[in-house]
Each structure stands twice: as structure tokens, then as C-alpha cells.
Amino acid sequence: MAKTEETRSLLATLPGRYYVDPDVFEAEQTRIFARDWFCVARASDFATAGSFQTFDVGGENLIIVGGADRQIRAFFNVCRHRGSRICNEAEGRVSRTFQCPYHVWSYGLDGSLVGAPNMAMMPDLEVAERGLLSVHAREWLGYVWVCLAHDAPEFESSVMQQVTERFGDPKTIDRYGLDKLEVGRRIEYEVRGNWKLVVENFMECYHCANLHPELVAVLPEFRRGFPTQHKVGYGAAFGQDIKGFTYDGREGFKPLDGLAVEQDRHYYGMTVVPQLVINLVPDHAIVHRIFPVAVDQTVVRCDWLFAPEVVHGDYDLGPSIELFHRVNTQDFAAVERVQPSMGSRAYRDGGVYVPAEHHIAAFNQWVRDRLDEPE
Ligand code: FES
Ligand SMILES: [Fe+2]
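In this report, we go over the structure that sits alongside the text.

## Some thoughts on the overall build of the chain
(1) Moving on: When helices and strands are counted, the chain shows 9 helices and 18 strands.
(2) Moving on: Its C-alpha radius of gyration of 22 Å places the chain within 12% of the 21 Å reference for a compact globule of 375 residues.
(3) Moving on: Considering only C-alpha atoms, the chain reaches an extent of 75 × 55 × 35 Å along its principal axes.
(4) Moving on: A total of 375 residues make up the chain; the buried ones form 53% of that total.
(5) Moving on: Across the chain, every contact between residues at least 6 apart in sequence was considered, and the portion connecting residues at least 24 apart equals 65%.
(6) Moving on: Of the roughly 17700 Å² of accessible surface on the chain, 49% is carried by carbon and sulfur atoms.
(7) Moving on: Taken together, the 38 basic and 53 acidic charged side chains of the chain have centroids lying 2 Å from each other.

Right, dumping it as C-alpha cells:
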């Protein structure tokens, strides 16, 4: 009897070319990352007016900057005179203005053009029309989200809804108060692999027993290979003798204020498609921002967020950070072992997803649908 799609235990992955073809990468930039909301930066990094960071998003380079009015704004890093890149640093602070390094046009923190040499000789310069071009920017969960599209998709239905569907209740994530937590540590990982391999790896736990000895010691049910993402509202319980979400199960910190009973001694993970991973444990959160750099190159910026009193107190964050740092290192090494095979003739038609990985096929279909959308 022929198996239907619903009854098959094995589902097809994407063909290998989706991970090695620069044309696919370009199409993803324009049809996914330049259209959707993108979680780009931690909002608290911009608390001081003039603090800025630059990022590549959707094929563009953006300046994210904190204003004197505490508003965080995002601009194309492109001078409106003759196009020079204005900021070449990844991060920094300006006092009041950005100055273009070419002919020194200067722009305020709100993007407005505030000066240019010989400005008095340009009576037809419409200052209000020559400010930096902005992109949509907003905050959620303590992060800055940007969208390059002229008409941004509705944030609630495209981003927040994913979180609600994962947890079954929008209040679940609010209880962790991610916007009130502080960054205890940030590690940037350069991964020699396609961004989708990174996302797909985070979505499944079929590899956990093999690759993550420390993680499955803390969360024994992960040995069975099913991630917490596969069931609405589900969290993985700590093992009986485990005292905290640390690399050796030793005690961590006091649970965050306001958590529900079922959130204590449990781990919840989720992927916000296309480029954010959120991991929640009772005393901290681990948030991965995934930045596609090239078809075979991805940067992952991972923040460990703790209660302010833990970050500023006399505590050793090391054992907590070490657990997911090991997980990250183990995961990214796996991705880097997969990437070289993606261009192989042996993988031209792709591979298969086993039942514990079936939900990844929906992500792949989402990517295909986006690439098939008209320009
Ligand atoms: S290109 Fe920026 S001032 Fe000329
Ligand atoms: Fe993993």
C-alpha cells in the first residue's frame, strides 16, 4: 500500500542546493530577511544616547542607535550625499551626530541632516528630505526588531503569534520578564554553515543524546530525542538530582520572580522563525540571534540573561553559561560537519527527517513558500 504524506515516517529534507547555492541565499535575503521582522540587537545596549551598533540585515547594512529621547532607531548606513558608508565600526558611541567620513555631512541621532560643509551655498538642499533613510524598529522582549519592508508585516501576527502558539498562552513568556533581565554574558559564534542548518539543528533533539552529554544529564527526557518545541506549552523537566541548569547540575540562582509552578525546574525552548531561538530556564534565559552572512556562513550572537541582582551581585555565572556554551559549541561543530556535504552529488536530492524531526519539514516548506512568492 502506498504511504500517504501523513502516514510516512520519513519526510524529505530540502535538496542540498538550498544550502550552497548563492542564488538561493540572495533570494532569501530579499524575500525573507528584507521583508520580515528581524531580531537584531539587545535594547539595553542603546540606553546611553548615541550608542550605536551596525548589522547586515536583508542585504543592507543598518545603524541602530539610541536617541536622546530614549527611542531606538534604525537607519540604512548610507550617506545621502554620495552614498558612503557612514559607520564602519560594529559598535560605538557618538556624542550628538554621525559624521560621514567622506565629505563630512552630519546626521543627528534621529537621522536628520544637521550639517554639511558649505551648506549656505546650497539653497535648494531640502534638509528635511536628505536625512538618513530609516527602517521600522520596535522593541519586544528587551530586543530591537527591525523590518526593512516599506509596509512591515503586522508584528503581533507574524512574531508574537509564534510565541503564543508555542506556549499556548501569551502570558507564559511574559512571566520571565525578558526585558527586565540583563546580559550576563554574550558570545558571538562564527559558524561555517548555512543559516538554515543552524535553525534546523536548534529545532530538533534527535542528536541530543549523542552530542550533548551535559544537557541530557540535566534534562534526561532529551535522551528520547524529542525537543520541547513539538508540543504546545510543553517544558522538559530537570532530572531528579539536578539542582540547577548548569553544566554539572549544580545549583544555579533563585528562580525569576513571577514564574508559574510548572516553570520551576523546567526548560522551555522555541524557535521564532526565521532567526531567533529562545531558551527559558527558571533562573535565566539564553537567546540566540542568528545572522546569515553568506550561503555557507552564519554568525550566532548568544545572550545569557539573568536577573539584575545576579549580574551585579557577587555571583559566579560561569557554571550556568558553560552549559549552553558547550551545547552551542557541540551544535555548531555538527553544522560545520554537515555543510561540506550539502554540495555533494550524494545529497543532491537531500535526506530525510525521522519522526522526531518532522516539524522541521514545516519550516522548510515555509522557506520554499517564501522563495516562491512574487517579487
Ligand atoms: S558621501 Fe557622505 S558626505 Fe559625501
Ligand atoms: Fe543541539
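Further notes follow.
## Structural notes on the coordination of the iron ion (ligand 2)
(1) Moving on: All of the protein donors around the iron ion (ligand 2) are His207 (NE2), His212 (NE2), Asp331 (OD) and Asp331 (OD); their distances to the metal are 2.0 to 2.6 Å.
(2) Moving on: Around the iron ion (ligand 2), the 4 donor atoms are arranged such that angles at the metal cover 55 to 143°; this shape is classified as irregular.
(3) Moving on: Going along the chain, you hit the donors of the iron ion (ligand 2) in the pattern H-x4-H-x118-D. The same class applies to histidine 207 as to histidine 212, namely buried.

## Quick look at the sheet that holds strand β9 (residues 113–115)
(1) Moving on: Overall, antiparallel pairing links the 3 strands, which are arranged β7-β8-β9 in an open sheet. Two strands in the sheet have a free side with no partner beyond their single neighbour: β7 (97–99) and β9. Within the sheet, the average angular offset between the axes of one strand and its neighbour, ignoring direction, is 35°.
(2) Moving on: Strand direction decides the pairing type here: strand β8 (residues 106–108) and β9, joined by 2 bridges, are antiparallel. Bridge pairing links tyrosine 107 to leucine 113 in β9.

## Focus on the packing of helix α4 (residues 195–203) against helix α8 (residues 318–338)
(1) Moving on: Here α4 crosses α8 at 130°, and the two axes come no closer than 10 Å. By the criterion of interaxial angle, the relationship of α4 to α8 is oblique. Here α4 and α8 pass one another in a crossing that is right-handed. Taking contact as the criterion, the partners of Leu197, Val198, Asn201 and Phe202 in α4 are, on α8, Asn328, Asp331, Phe332, Val335 and Val338.

## So, the pairing of strand β17 (residues 297–306)
One face of the sheet, then the other: side chains in a regular strand alternate in exactly this way.
(1) Moving on: Across the 10 residues that make up β17, a large majority, 9, are buried.
(2) Moving on: Where strand β16 (residues 284–294) and β17 come together, 10 bridges link them in antiparallel fashion. Within the sheet, the bridge partner assigned to proline 292 lies in β17 and is threonine 298.
(3) Moving on: The turn joining β16 and β17, which pair antiparallel and follow one another in sequence, is formed by 2 residues.

## Description of the packing of aromatic side chains
A ring pair, where both rings are aromatic, is described by two values, the distance of the centres and the angle of the planes.
(1) Moving on: What the rule picks out here adds up to 20 aromatic pairs.
(2) Moving on: Between phenylalanine 202 and phenylalanine 332, the ring centres sit 6.2 Å apart and the planes meet at 85°, which makes this aromatic pair edge-to-face. One end of the pair, phenylalanine 202, is in helix α4; the other, phenylalanine 332, is in helix α8, and 130 residues separate them in sequence. A single burial state applies to phenylalanine 202 and to phenylalanine 332, both of which are buried.
(3) Moving on: An aromatic cluster of at least three residues, connected via ring pairs, comprises Phe33, Phe38, Phe55, Trp195, Phe291, Phe363 and Trp366.
(4) Moving on: Against the face of tyrosine 143 rests arginine 42, its NZ or CZ located 4.7 Å from the ring centre.
(5) Moving on: A cation sits over an aromatic face here: arginine 138 above phenylalanine 155, 4.0 Å from the ring centre.

## Some points on the sheet that holds strand β15 (residues 276–281)
(1) Moving on: Taken in spatial order, the 6 strands of this open sheet run β12-β17-β16-β15-β14-β13, and their pairing is antiparallel. Each of the sheet's edge strands pairs with one partner strand only, and the pair in question is β12 (182–191) and β13 (236–237).
(2) Moving on: Pairing of β12 with β17 involves 9 bridges; the strand directions are antiparallel. From the neighbouring strand, valine 183 faces β17, where its bridge partner is leucine 305.

Cut-offs applied
- Residues numbered from 1 in each chain as written.
- Chains lettered and ligands numbered in written order.
- Predicted model: local features only at pLDDT ≥ 70, side-chain atom pairs only at ≥ 80, totals over all residues.
- Heavy atoms only, no water.
- Helix = DSSP H or I, 4+ residues; strand = E, 2+ residues; numbered from the N terminus.
- Rg over C-alpha atoms; globule rule 2.2 N^0.38 Å.
- Buried < 20%, exposed > 50% of the residue type's maximum accessible area, 1.4 Å probe, protein only.
- Contact = heavy atoms within 4.5 Å.
- Areas by Shrake-Rupley, 256 points an atom, 1.4 Å probe, with all protein chains shown as cover.
- Lys, Arg positive; Asp, Glu negative; His and termini not counted.
- Charge placed at Lys NZ, Arg CZ, Asp CG, Glu CD.
- Donors = N, O, S within 2.8 Å, 3.2 Å for Na, K, Ca; no water.
- Tetrahedral: all angles 85-135°; square planar, octahedral: opposite > 155°, others 65-115°.
- Pairing = 2+ DSSP bridges.
- Axes fitted to C-alpha atoms, helices over the stretch in contact; angles between N-to-C directions.
- Parallel < 35°, antiparallel > 145°, perpendicular 65-115°, else oblique.
- Left-handed = near helix turned anticlockwise from the far one by under 90°.
- Phe/Tyr/Trp six-rings, centres within 6.5 Å; stacked < 30°, edge-to-face > 60°.
- Lys NZ or Arg CZ within 6 Å of the ring centre and 35° of its normal.

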